[in-house]
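# Per-entry structural report
Single-letter residue listing:
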Amino acid sequence: MAHFEEGTTLDRFLLETMHAHPGATGSFVNLLKQVALAGKLCSARVQRAGLAGMFGATGSMNIQGEFVQKLDIYANETFKRALEHAGVVCMVVSEEEDAPIFVPPAFEVGEYVFAMDPLDGSSNIDTNASIGTIFAIHRRRSAGRDGTLADVLRPGTDLVAAGYIVYGAGTVLVLSTGKGVHGFTLDPSVGEFFLSHHDIQLAPRARSYSCNEAYAAQWDPRLQEWLRRVKEPSLGWSARYIGSLVGDFHRNLVKGGLFMYPPTAKAKSGKLRMLYEAVPLSFLVEAAGGSSIDGSRRILDKVPADIHERTPLFIGNRENVEEIAEVLRG
Ligand code: AHM
Ligand code: MG
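Residues numbered from 1 in each chain as written. Chains lettered and ligands numbered in written order. Predicted model: local features only at pLDDT ≥ 70, side-chain atom pairs only at ≥ 80, totals over all residues. Heavy atoms only, no water.

## Some remarks on the overall build of the protein
Across its full length, the protein holds seven helices and 16 strands. A compact globule built from 330 residues would reach a C-alpha radius of gyration of about 20 Å, and the protein, at 19 Å, matches this within 12%. With the principal axes as the frame, the protein shows a C-alpha extent of 60 × 50 × 45 Å. Counting every position in the protein, which comprises 330 residues, the buried fraction comes to 55%. Of the contacts made within the protein by residues no fewer than 6 positions apart, 64% connect residues no fewer than 24 positions apart. Surface summary for the protein: the accessible area is close to 13900 Å², and the carbon and sulfur share equals 52%. (Helix = DSSP H or I, 4+ residues; strand = E, 2+ residues; numbered from the N terminus. Rg over C-alpha atoms; globule rule 2.2 N^0.38 Å. Buried < 20%, exposed > 50% of the residue type's maximum accessible area, 1.4 Å probe, protein only. Contact = heavy atoms within 4.5 Å. Areas by Shrake-Rupley, 256 points an atom, 1.4 Å probe, with all protein chains shown as cover.)

## Quick look at the side chain of Ser-210
Along the chain, Ser-210 turns up in strand E10 (residues 208–210). Reaching out from Ser-210, the side chain makes a polar contact with the backbone oxygen of Arg-240 at a distance of 2.7 Å. (Polar contact = N/O pair within 3.5 Å; in protein donor to acceptor, adjacent residues only side chain to side chain.)

## A short note on the coordination of the magnesium ion (ligand 2)
Around the magnesium ion (ligand 2), the protein contributes the donor atoms Asp-117 (OD), Asp-120 (OD) and Glu-277 (OE), at 1.9 to 2.1 Å from the metal centre. Along the chain, the residues that donate to the magnesium ion (ligand 2) are spaced as D-x2-D-x156-E. On the criterion of sequence distance, the pair formed by Asp-120 in strand E4 (residues 112–120) and Glu-277 in helix H6 (residues 274–287) is long-range, its members being 157 residues apart. Accessibility classification places Asp-120 together with Glu-277 in one group, the buried group. (Donors = N, O, S within 2.8 Å, 3.2 Å for Na, K, Ca; no water.)

## Things to note about the sheet that holds strand E11 (residues 238–239)
Spatial ordering of the open sheet is given by E11-E10-E12-E16-E14, a layout of five strands whose pairing is mixed. The strands lining the two open edges of the sheet, one partner per strand, are E11 and strand E14 (291–293). In the sheet, strand E12 (residues 258–261) pairs with strand E16 (residues 313–316) via four bridges, with the strands oriented antiparallel. Looking across to E16, one finds that Leu-258 is bridged to Gly-316. The strands touched by H6 within the sheet are E14 and E16, with E16 carrying the most contacts at an inclination of about 25 degrees. (Pairing = 2+ DSSP bridges. Axes fitted to C-alpha atoms, helices over the stretch in contact; angles between N-to-C directions.)

## Looking at the site of ligand 1
In the region of ligand 1, 18 residues are neighbours, and Asn-212, Tyr-241, Leu-245, Tyr-261 and Lys-271 sit closest. A distance of 3.2 Å separates an oxygen atom of ligand 1 from a polar side-chain atom of Glu-95. Within the side chain of Tyr-241, a nitrogen or oxygen atom sits 2.6 Å from an oxygen atom of ligand 1. Alone, ligand 1 offers 470 Å² of accessible surface; in the complex the protein occludes 88% of this. Of all the elements in the fold, those that place two or more residues in the shell around ligand 1 are E4, E12 and strand E13 (272–273). Looking at the shell around ligand 1, its residues break down into six nonpolar, five polar and seven charged. (Near = heavy atom within 4 Å. Nonpolar A, V, L, I, M, F, W, Y, C, P; charged D, E, K, R; others polar.)

## Let's talk about helix H4 (residues 221–230)
Because each turn of an α-helix spans 3.6 residues, side chains separated by three or four positions in sequence point in the same direction. Within H4, burial applies to Leu-223, Trp-226, Leu-227 and Val-230. All buried residues of H4 project into a common sector of 100 degrees when viewed along the axis, lining one side. Opposite the packed face of H4, turned more than 90 degrees from it, sit the exposed residues Pro-221 and Arg-228. Turning to H4, the residues buried within the fold contact E10, E12, E16 and helix H7 (318–329). (Arc of directions from axis to C-beta.)

## Notes on the packing of H4 against H7
Remark: H4 packs on H7, axes separated minimally by 9 Å, with the N-to-C direction vectors making an angle of 130 degrees. By the angle class used here, H4 and H7 are oblique. As for how H4 packs across H7, the hand of that crossing is right-handed. Residue-level inspection shows Arg-222, Leu-223, Trp-226 and Arg-229 of H4 in contact with H7, the latter providing Glu-323, Ile-324, Val-327, Leu-328 and Arg-329. Tallied by class, the residues present in the contact of H4 with H7 amount to five nonpolar, no polar and four charged. (Parallel < 35°, antiparallel > 145°, perpendicular 65-115°, else oblique. Left-handed = near helix turned anticlockwise from the far one by under 90°.)

## Details of the packing of aromatic side chains
Per the counting criterion, the structure on display carries nine aromatic pairs. On the numbers, 5.5 Å between centres and 55 degrees between planes, the contact of Phe-28 with Tyr-112 is tilted. Placement of Phe-28 in helix H2 (residues 26–47) and of Tyr-112 in strand E4 is noted, with a sequence separation of 84 residues between them. Judged by relative accessible area, which is 3%, Phe-28 ranks as buried. Judged by its relative accessible area of 0%, Tyr-112 is buried. Measuring from centroid to centroid gives 6.3 Å for Tyr-209 and Trp-237, while their planes differ by 35 degrees, and the two rings are tilted. Taken as a pair, Tyr-209 in strand E10 and Trp-237 in the loop between H4 and E11 lie far apart in primary sequence, 28 residues in all. For the pair Tyr-209 and Trp-237, one class covers both residues: buried. Pairwise contacts between aromatic rings join Tyr-209, Trp-226 and Trp-237 into one cluster. (Phe/Tyr/Trp six-rings, centres within 6.5 Å; stacked < 30°, edge-to-face > 60°.)

## Considering the domain arrangement of the protein
In terms of domain boundaries, the protein breaks down into domain 1 (10–197) and domain 2 (208–329). Between the C-alpha centres of domain 1 and domain 2 the distance comes to 23 Å. Contact residues are listed per partner, giving 48 residues for domain 1 and 33 residues for domain 2. Between domain 1 and domain 2 the total buried area reaches about 2800 Å² when both faces are included, carbon and sulfur atoms providing 69% of it. The interface formed by domain 1 and domain 2 includes one salt bridge. Measuring nitrogen to oxygen at the nearest pair gives 3.1 Å for the salt bridge that ties Arg-273 to Glu-95. Applying the counting rule to domain 1 against domain 2 returns nine residue pairs in polar contact (both at pLDDT 80 or more). At the level of secondary structure, the elements contributing two or more residues to the side of domain 1 that touches domain 2 comprise strand E3 (89–94), E4, strand E5 (131–139), strand E6 (161–167) and strand E7 (171–176). Ranked by the residues each element gives to the side of domain 1 that touches domain 2, the list is headed by E6, at six residues. Of the residues assigned to the side of domain 1 that touches domain 2, the class counts are 26 nonpolar, 15 polar and seven charged. (Domains from an automatic or database assignment. Buried area = accessible area lost by both parts, 1.4 Å probe. Salt bridge = Lys/Arg side-chain N within 4 Å of Asp/Glu carboxyl O.)

Right under this line is the structure:
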């Protein structure tokens, strides 16, 4: 890994690391530049949301049956627009859209498939808590103009890259191409992302959990018992939960912690989506030395059957995830 000085921009980092990456193309760098551009636009809009009339719901429901927030629509459109004309993708999958999105005939297609949750944690928009965009990038396998479902219904181990942009007190883009996980903080005064978190590594173990504990009575009794055990004061555990996956995950990546969204009575297959939530974050966590399972299976080994498939998720420091697997086996 090259040495990066203070003040390294995302563009410089991409160009220098991609040289060392076999098979990487200029098109991949261009794709990430378009992602960064869309992230800057969303960041600016999130900052001004209270002033620009972007708080609140539009009154319509999305395909998951949730109220669509105005910022959800803005983020979805912004990422689509940033990607469609750049000749970098042949298909986009979005949480906000029932069907895959293809590149309009006026534009060139590219070799990548982009899956995204354009604005994760959107129930937090009105509260100034962290929200974000989560994305996963596959290289296409199909030969036609448009990508196909087979390009994206693949195990997460096939991903070329994954990342997220968290719009919090600051805006941070976290990215991995499989080798290392790096964070870039947006300096809004110059409109550039600068390397701020080089080669993020998770410790083997943490003593912090993030989950919606109000649902605990609906969980597997073995998990309930584990939760009771870690509350023994001498063990020194704490809980941290925002209710925004990207915000909770970012905190745990930086500070350590186990995020859990087990199956509940209402969400028997879990709540979180494979392609644009669980899989990209699992790719990142593994690249940082952590681990991620659905309770028994490694998330990155699973092949979704549907672009909006859900999964239970246990993700974080390696030994904590191993302990959960052990608890659920026992
Ligand atoms: P969203 O994509 O509609 O925002 O829903 C997913 C969110 C995650 O960000 C978060 O982890 C989870 O839902 C919180 O769910 P709950 O309110 O059940 O704890
Ligand atoms: Mg989401």
